[in-house]
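# Residue-level structure breakdown
Single-letter residue listing:
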Amino acid sequence: MREVRIGKHTVGAGHRPFVIAEMSGNHNGSLERALAIVDAVAASGAQALKLQTYRADTITIDVDKPSFRISADHSLWGGETLYSLYEKAHTPWEWHAPIFERAASLGLTVFSSPFDPTAVDLLEGLDAPAYKIASAEIVDLPLIELCARTGKPLIISTGAASVAEIHNAVATARAAGNDQLVVLGCTASYPASPADSNLRGIPLIADTFDVVPGLSDHTMGIGVPVAAVALGACAIEKHVTLARADGGVDSDFSLEPAELTALVTETERAWQALGRPRIGPKDSEQEVLRVRRSLYVVADVAEGDPVTPENVRSIRPAGGLPPGELSTVLGRRFRVKATKGTPLTWEII
């Protein structure tokens, strides 16, 4: 089983799901709100906080052409230019240090998605323990190589990516000497429909690319990520906000603090429930084994009496012959007298 160490946490099938809370632009332009989100994430029990590190002019250019606009029918950002959207959503670089410091003081592992080399430089200066490659950046192989050469683990989202593109990203990281890879199934739709989640692809990611698999989820609620854990997801990423009613670029598909706490709890329960690929009694079922049905003498009998439906029945508890032997013992005779409540065994008939 593959495992990846991120900060103080080991990510892999033998460990509880690694829950990553994505702040994104839900700070709504306020450092105070950003720090409050950090506090809420820490209180939820999630292991990690993730940022996005870019400026509008490092991720795009200020051009108002059709190809630089979000499609008009998009439910959240329709008609907005890429530059104006990223100008609103970005986390100012001078905020990174106080956010990292607050997160570390609360025991959170904190890292970010860099979108260009200057972002990597900033995050290296903050000693980020890992790098996240966003779905739209999976084709930016030079960026992936740069992140991989830091020696830090890489978490790669695969929204909208083909098998070949995922292969190229993974191969680029490995060629740079980095095999600490977590690859996330993802539907790059905001918000995403559960019907598009294709969770059965998670085991394929693990097997095809020999990586630790996970899910970056943009659906509403926590049902999809909980189900993903049952299919092998070892890391779960979800956007988080203080309150969806407050608005913000990503608030519509973000979890509120109580929901994030539920995600942490329920994904761990799903992981605990996986067990092993075997069928049979569990250690915790011993009491049920003790009281389940068997054949008992239900009326006092004398030596030589025949076994009849009136004096032998299938009842709880265990201790007698299996109920399936009833047709075999009916008509036989008792070797000894037996009182009501005696388990029926071969020795007494």
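One can find the structure itself at the top, above this paragraph.
The paragraphs below set out a description of the structure included in this document. These numbers come from a predicted model, not from an experiment.

### Considering the nonpolar core
As a rule of thumb, nonpolar side chains are buried together in soluble globular proteins. If you look at the biggest cluster of nonpolar residues, it comprises 53 residues, and the most contacted ones within it are V41, L49, I99, L154 and L260. Not counting residues within four places of it along the chain, the set of residues in contact with L49 comprises A21, M23, V38, V41, I99, A103, L108, T109, V110 and F111.

### A few points about unusual backbone geometry
Here the residue pair Y190 and P191 is connected by a cis peptide bond, since its omega of -5° sits within 30 degrees of zero. Tracing the backbone shows P191 in the loop between β8 (181-186) and α8 (201-209). Of note, the bond from R316 into P317 is cis; its omega dihedral lies within 30 degrees of zero at 15°. When you line up the elements, P317 lands in the loop between β12 (312-315) and α12 (326-329). Backbone geometry at A160 places phi at a positive 70°, although glycine is not the residue there. Relative to the assigned elements, A160 resides in the loop between β7 (154-157) and α7 (163-175).

### Re α8
Among the residues making up α8, those that are buried are G201, I202, I205, A206 and F209. Projection of α8 onto a plane perpendicular to its axis shows the buried side chains occupying an angular sector of 150°, all on one side. Within α8, the exposed residues directed more than 90 degrees away from the buried face are L204 and D207. Those residues of α8 hidden inside the fold are in contact with α7, β8, β9 (212-217) and α9 (223-230). Just downstream of α8, D210 is the residue with a positive phi angle, here 55°.

### Here's the deal with helix α4 (residues 93-105)
Of all the positions in α4, only W93, W95, H96, I99, F100 and A103 are classed as buried. Here the buried residues of α4 occupy an arc of 135° about the axis, which is enough to place them on one side. Across from the buried face of α4, at angles greater than 90 degrees, the exposed residues are E94, E101 and S105. The inward-facing, buried residues of α4 contact α1 (31-44), β4 (48-53), β5 (109-114) and α5 (117-125). Directly after α4, the chain includes G107, whose backbone phi takes a positive value near 85°.

### Describing the packing of α1 against α4
The geometry of a pair of packed helices is captured by two quantities: the angle between their axes and the separation between those axes. Contact geometry of α1 with α4 gives a least axis separation of 9 Å together with a crossing angle of 25°. The angle between the axes of α1 and α4 places the two elements in the roughly parallel class. By crossing handedness, the relation of α1 to α4 is classed as right-handed. For the pair formed by α1 and α4, the contact residues are L31, A34, L35, V38 and D39 on the first element and W95, P98, I99, R102 and A103 on the second.

### Here we look at the environment of A299
By secondary structure assignment, the location of A299 is in the loop between β11 (294-297) and β12. Remark: the alpha-carbon pair of A299 and T339, spanning 40 residues in sequence, is separated by 6.6 Å. When residues no more than four places from it in sequence are discounted, the contact partners of A299 are E310, N311, A338 and K340.

### Considering the packing of aromatic side chains
One pass over the full model with this rule turns up 3 aromatic pairs. Ring plane angle 75° and centroid distance 5.8 Å describe the contact between Y54 and Y86, whose orientation is recorded as edge-to-face. Note that Y54 is positioned in the loop between β4 and α2 (56-59) and Y86 in helix α3 (residues 82-89), a separation of 32 residues in sequence. With relative accessibility at 3%, the residue Y54 sits in the buried group.

### Some remarks on the pattern of salt bridges
Under the counting rule described, the total for this entry stands at 18 salt bridges. Its salt-bridge partner being K50, residue E237 comes within 4.0 Å of it at the nearest N-O pair. With a gap of 187 residues between them, E237 in strand β10 (residues 235-239) and K50 in strand β4 connect regions that are remote in the sequence. Taken individually, E237 and K50 each receive the classification buried, so the pair is uniform in this respect. Through salt bridges that share partners, R2, R174, D179 and D210 make up one connected network.

### Focus on the side chain of D116
You can see D116 is positioned in the loop between β5 and α5. Although D116 lies buried, it forms no salt bridge, and the closest oppositely charged side chain, R55, sits 7.1 Å away as judged by the N-O distance. With residues near it in sequence (within four places) discarded, D116 still touches T58, W93 and L143.

What counts, and at which threshold
- Residues numbered from 1 in each chain as written.
- Predicted model: local features only at pLDDT ≥ 70, side-chain atom pairs only at ≥ 80, totals over all residues.
- Heavy atoms only, no water.
- Core = buried A, V, L, I, M, F, W, Y, C linked by side-chain atoms within 4.5 Å.
- Buried < 20%, exposed > 50% of the residue type's maximum accessible area, 1.4 Å probe, protein only.
- Contact = heavy atoms within 4.5 Å.
- Helix = DSSP H or I, 4+ residues; strand = E, 2+ residues; numbered from the N terminus.
- Arc of directions from axis to C-beta.
- Axes fitted to C-alpha atoms, helices over the stretch in contact; angles between N-to-C directions.
- Parallel < 35°, antiparallel > 145°, perpendicular 65-115°, else oblique.
- Left-handed = near helix turned anticlockwise from the far one by under 90°.
- Phe/Tyr/Trp six-rings, centres within 6.5 Å; stacked < 30°, edge-to-face > 60°.
- Salt bridge = Lys/Arg side-chain N within 4 Å of Asp/Glu carboxyl O.
- Lys, Arg positive; Asp, Glu negative; His and termini not counted.

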